[in-house]
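Summary of structural features
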Amino acid sequence: MPYKFIDHIADIAVEVSADNLEELFKVSCTAWRIAAVQSKNSFSNDCREIYFQAESLEELLVNLLNELNFLLYSDLWVFNSVSSLSIFTDENKYFNLTANISGEYFSKDVHHFKEEIKATTYHQLKIEKRNNLYSTTIVFDI
Amino acid sequence: MNIKGIEIKKISENLWEIPQSGDMLVPGRVYASQNMFDTSIQNDEALKQVVNVAHLPGIQKYSLAMPDIHWGYGFPIGGVAATDINDGVISPGGVGYDINCGVRLARTSLEYSSHKNRISKLVENLFRNVPTGIGSSGAIKKLSPSETKNILVKGARWAIENGFGKETDLNFTEENGELQNADPNSVSIRAIERGLDQAGTLGSGNHFLEIDFVEEIFDEDAASTFGLFKNQLLILIHTGSRGLGYQICDDYLQVLMKAQNKFNFKLPDKQLTCAPLKSQEGQDYFSAMCCAANFAWNNRQIIMSLTQKTFKETFKMSDDELGFELVYDVSHNIAKIEDHEIDGVKKSVCVHRKGATRAFPINSKNIPEKYKSVGQPVLIPGDMGRYSYISVGKEKALQETFGSSCHGAGRIKSRHQAMLQSKGKNLLEELNKSGVIIQARGMKTIAEEMPHAYKNVSEVVDVMHFEGISTKVAKLKPVGVIKG
């Protein structure tokens with residue numbers, strides 16, 4: 001199982017793992033989606049391109065997940081899936097992420113808010129590679 | 001005793017000290033009963049966070065924790081730390097994502113026993129009139145960015161200027177509902193966008209609007225000064241700065257993390273990221289925090305006004321008959337510049353209160369004139385099934401905790417555990433049996449927020465009472481709750 005929600009006294013915590021970094025980021029998005037919104041019969045008919053740059057992979061991941069947060073709570077746009085995602089390091093050693101994400105606008109007939117995620121935190125967030133597997137724990141402040 | 005490798009020694013019945021060691025700049029001090037250590041404190045990493053906070057540059061006297069201490073991000077919840085304004089830092093982790101999450105108490109002249117049969121209708125009407133839950137829009141139309149910026153500067157005054165309450169309400173709000181250092185230019189467009197349609201909304205999770213009655217009075221003098229009497233119907237509102245505040249915290253965590261190389265601080269936890277208060281980054285964060293704080297005070301002012309209108313509608317009474325008045329409004333997630341005596345010298349410090357409430361005593365200049373003879377009300381909500389409390393600040397708070405006290409009950413069970421324990425139970429019936437009528441956006445929220453998920457707030461309040469930090473004035477029993 002690429003993601004596993006674990007017990008946390010006050011917030012939502014999830015352990016994610018994947019064979020490569022890009023997949024780890026995609027799985028993290030899926031975990032965020034499961035925590036934030038419930039839906040039936042949703043269609044991803046709206047695509048958006050996003051780009052981030054950060055000094056660390058953890059910061060890059062937080063940027064990505066908080067972007068999904070912002071899109072949901074400000075634009076009422078529900079992320080559904082990642083169609084493409086790539087991460088590269090530039091000549092200044094910054095991490096860069098480009099992604100195409102798809103989703104749709106919130107509809108009461110289709111979507112139901114689960115928890116209001118204030119933000120993705122840096123708590124326990126450390127992307128590690130062990131035995132060819134990338135993993136981290138993500139805590140969403142709710 | 002030793003908890004997870006941290007040495008802790010007893011100073012008095014409910015006061016414990018973690019001796020200064022390693023790179024700690026000051027000792028840690030925790031207000032808690034032995035029972036709290038045995039049942040909850042030893043089960044998480046909160047004490048480690050008290051130790052971590054003691055590393056903050058410029059920290060004065062102690063890294064403190066109130067008896068509702070539990071695990072947070074950077075600071076523990078219940079954490080208090082004061083830093084020197086000249087060579088100390090400001091840390092967003094010492095405020096939290098929900099900047100100026102706080103509590104507002106309003107009173108009426110109504111007696112619960114005479115109006116018991118109207119509570120159900122009142123709850124229903126409040127649920128209709130007060131926007132609750134995620135995605136709910138405000139009772140006011142979606143604002144423009146420039147109007148939202150007005151709120152960031154004016155705070156609760158904006159609400160009053162727009163017909164939500166009266167001028168005198170400001171006298172009974174901490175900081176008169178308006179921190180002065182708020183410059184909207186320090187707030188990102190993203191944060192403003194998150195706040196455009198959230199003015200006057202309750203939110204979700206552990207935010208609530210509660211109808212209580214005064215079940216017991218401990219301090220007749222203070223109760224009378226606050227306008228309280230036994231059996232009286234009161235309203236408690238718990239909410240904060242909503243998405244705008246969360247975004248500001250997130251924005252500045254990133255800004256300050258990027259600036260860490262410049263400041264060369266050695267911090268044991270990334271979420272303690274901070275900047276010298278006098279630096280540009282520190283000043284920008286403080287300004288943005290003030291903006292979010294003002295947004296939250298405006299929020300609680302609007303919600304109180306909507307509540308008053310709903311009371312009038314439900315009870316079909318005039319303002320005079322209803323006697324609806326603000327008692328006080330306190331923040332429990334904030335950083336403020338205050339003067340405190342440290343080693344006999346008056347000093348300006350930045351007091352971080354994260355899940356802690358200001359508790360100023362008799363004759364304090366920053367509290368309403370009417371309350372100077374007794375001290376500042378300290379509002380401490382419990383869980384929705386048991387009790388909430390009103391206490392009053394004491395001189396000992398100024399001496400020991402930078403004028404701070406506890407803020408609430410604190411969770412002892414995760415949401416998942418709470419839901420498991422609630423499975424198969426008729427939660428509404430259980431709450432009704434304990435005399436509470438509730439309306440919420442979903443049963444999941446009710447299950448997650450059931451009383452068994454929280455510490456007994458009586459124990460938390462008692463620790464502060466017996467240590468003389470804030471003493472009990474009244475015990476409130478909830479009879480109606482609305483939640484998002």
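The structure presented is a predicted model; accordingly, all values stated were derived computationally and were not measured. (Residues numbered from 1 in each chain as written. Chains lettered and ligands numbered in written order. Predicted model: local features only at pLDDT ≥ 70, side-chain atom pairs only at ≥ 80, totals over all residues.)

Broken down by element type, chain B carries 17 helices and 21 strands. Against the 2.2 N^0.38 benchmark of 23 Å for 484 residues, chain B shows a C-alpha radius of gyration of 21 Å, consistent with a compact globule. When the backbone C-alpha atoms are referred to their principal axes, chain B occupies close to 65 × 50 × 50 Å. Taking all 484 residues of chain B together, 58% fall into the buried category. In chain B, 78% of the contacts between residues at least 6 apart in sequence involve partners at least 24 apart. (Helix = DSSP H or I, 4+ residues; strand = E, 2+ residues; numbered from the N terminus. Rg over C-alpha atoms; globule rule 2.2 N^0.38 Å. Buried ≥ 20, exposed ≤ 12 C-beta atoms within 10 Å, placed from the backbone. Contact = placed C-beta atoms within 7 Å.)

This part is about the overall build of chain A. Scanning chain A for helices and strands turns up 2 helices and 10 strands. Its helices and strands in sequence order give chain A the pattern β-β-α-β-β-α-β-β-β-β-β-β, from N to C terminus. Taking 14 Å as the expected radius of gyration for a compact globule of 142 residues, we find that chain A reaches 15 Å, a close match to that expectation. Each of the three principal axes of chain A carries a C-alpha extent, and together these read 45 × 35 × 25 Å. Looking at the 142 residues of chain A, the share that counts as buried comes to 42%. The contacts in chain A between residues at least 6 apart in sequence include a share of 66% that link residues at least 24 apart.

Below, the discussion takes up the confidence of the model for chain A. For chain A, per-residue confidence averages 93 on the pLDDT scale, and 98% of positions sit at 70 or higher. The weakest mean pLDDT in chain A belongs to strand β7 (residues 111-113) of chain A at 90; the strongest belongs to helix α1 (residues 21-36) of chain A at 97. (pLDDT = per-residue confidence, 0-100.)

Below, the discussion takes up the packing of helix α4 (residues 119-129) of chain B against helix α11 (residues 280-315) of chain B. All names here are of chain B. At a closest axis distance of 9 Å, the pairing of α4 and α11 adopts a crossing angle of 140 degrees. As far as their axial angle goes, α11 and α4 are oblique. Crossing of α4 against α11: the hand is right-handed. Within the contact between the two elements, α4 uses K121, L122, N125, L126 and N129 and α11 uses L306, T307, K309, T310, E313 and T314. A breakdown of the residues in the contact of α4 with α11 according to their chemical character gives 3 nonpolar, 5 polar and 3 charged. (Axes fitted to C-alpha atoms, helices over the stretch in contact; angles between N-to-C directions. Parallel < 35°, antiparallel > 145°, perpendicular 65-115°, else oblique. Left-handed = near helix turned anticlockwise from the far one by under 90°. Nonpolar A, V, L, I, M, F, W, Y, C, P; charged D, E, K, R; others polar.)

Before going further, it helps to spend a moment on the interface of chain B and chain A. Note on interface size: it is often stated as the accessible area lost on association of the parts. Taken together, the 25 residues of chain B in the interface contact 20 residues of chain A. Listed by contribution, the elements that provide at least two residues to the side of chain B that touches chain A are α7 (189-195), α9 (242-258) and α14 (415-422) of chain B. If one sorts the elements of the side of chain B that touches chain A by residue count, α9 of chain B sits on top with 5 residues. Looking at the side of chain B that touches chain A, its residues break down into 6 nonpolar, 10 polar and 9 charged.

In this section: the sheet that holds strand β15 (residues 345-354) of chain B. All names here are of chain B. As summarised here, the arrangement of the 7 strands in space is β3-β4-β5-β6-β7-β15-β14, forming an open sheet in which the pairing is mixed. Across the chains shown, the open sheet's two edge strands, defined by having one partner strand only, are β3 (9-12) and β14 (333-342). Direction aside, neighbouring strands of the sheet carry axes that sit 25 degrees apart on average. Across the sheet, helix α17 (residues 457-466) touches β5 (28-31) and β6 (63-70), and the angle it forms with β6 is around 145 degrees. (Pairing = 2+ DSSP bridges.)

Residue and element names in this part refer to chain B. Counting residues in each nonpolar core, the largest one holds 192 residues, and the members touching the most others are I248, M289 and A292. It is α11 that provides the largest number of residues to this core, a total of 16 residues. The residues touching M289, leaving out its near neighbours within four places in the chain, are V95, I99, I248 and A335. (Core = buried A, V, L, I, M, F, W, Y, C linked by C-beta atoms within 7 Å.)

Turning our attention to the pairing of strand β6 (residues 95-105) of chain A. Residue and element names in this part refer to chain A. Here strand β4 (residues 46-54) runs beside β6; their pairing, made up of 9 bridges, is antiparallel. Along β6, the bridge assignment pairs I50 with A99. Alignment of strand β5 (residues 77-89) against β6, held across 11 bridges, turns out to be antiparallel. By the bridge assignment for β6, S84 is matched with N100. Counting the residues in the hairpin turn of β5 and β6 gives 5 residues, including K93, whose phi is positive at 70 degrees.

We now examine the sheet that holds β4 of chain A. Residue and element names in this part refer to chain A. Taking strand neighbours across the sheet as the criterion, the 3 strands line up as β4-β6-β5 in an open arrangement whose pairing is antiparallel. Two strands bound the open sheet, and with one partner strand each, they are β4 and β5. Direction aside, neighbouring strands of the sheet carry axes that sit 20 degrees apart on average. Packed on one face of the sheet, helix α2 (residues 57-75) meets β4, β5 and β6 and runs near 145 degrees to β4.

All names here are of chain B. The contact between α9 and α11 brings their axes to 9 Å, and the two run at 170 degrees. Accordingly, the angle class assigned to the pair α9 and α11 is roughly antiparallel. Along the contact surface, α9 presents R242, L244, G245, I248, Y252, V255 and L256, while α11 presents E281, Y285, A288, M289, A292, F295, A296 and N299. When the residues that make up the contact of α9 with α11 are grouped by side-chain class, the tally is 11 nonpolar, 2 polar and 2 charged.

Before going further, it helps to examine α2 of chain A. Helix length check: α2 of chain A, at 19 residues, gives a terminal C-alpha distance of 26 Å against a target of 27 Å (1.5 Å per residue), a fit within 8%. With 14 of 19 residues buried, α2 of chain A is to be regarded as a mostly interior element. (Expected span 1.5 Å × (residues − 1).)

Let us now look at α4 of chain B. All names here are of chain B. Along α4, the residues that are buried comprise L122, V123, L126 and F127. In a view along the axis of α4, the buried residues occupy a sector of 135 degrees, so they form one face of it. Summarising the contacts, the buried residues of α4 are in contact with β10 (208-217), α11, β20 (437-440) and β21 (470-483). (Arc of directions from axis to C-beta.)

On to the environment of G195 of chain B. Residues and elements named next belong to chain B. The residue G195 is located in helix α7 in this model. The spacing of G195 and K149 is 46 residues in sequence and 9.8 Å in space, taken between C-alpha atoms. Beyond its immediate chain neighbours, meaning those up to four positions away, G195 contacts T148, R242, G243, L244 and F295.

It is worth spelling out the environment of L256 of chain B at this point. Residue and element names in this part refer to chain B. Mapped onto the elements, L256 comes out in helix α9. Look at L256 and you get buried, because 25 C-beta atoms sit within 10 Å. For the pair formed by L256 and S458, sequence separation is 202 residues and the distance between their alpha carbons is 38 Å. Ignoring anything within four residues of it in the chain, the contact list for L256 reads P92, T273, C274, A275, E281 and Y285.

All names here are of chain B. You will see that K61, though not glycine, has its phi angle at about 65 degrees, which is positive. Judged by the 17 C-beta atoms lying within 10 Å of it, K61 falls in the partly exposed class. Although it is not a glycine, R242 adopts a positive phi angle of roughly 55 degrees. The exposure class assigned to R242 is buried, which follows from the 30 C-beta atoms found within 10 Å.

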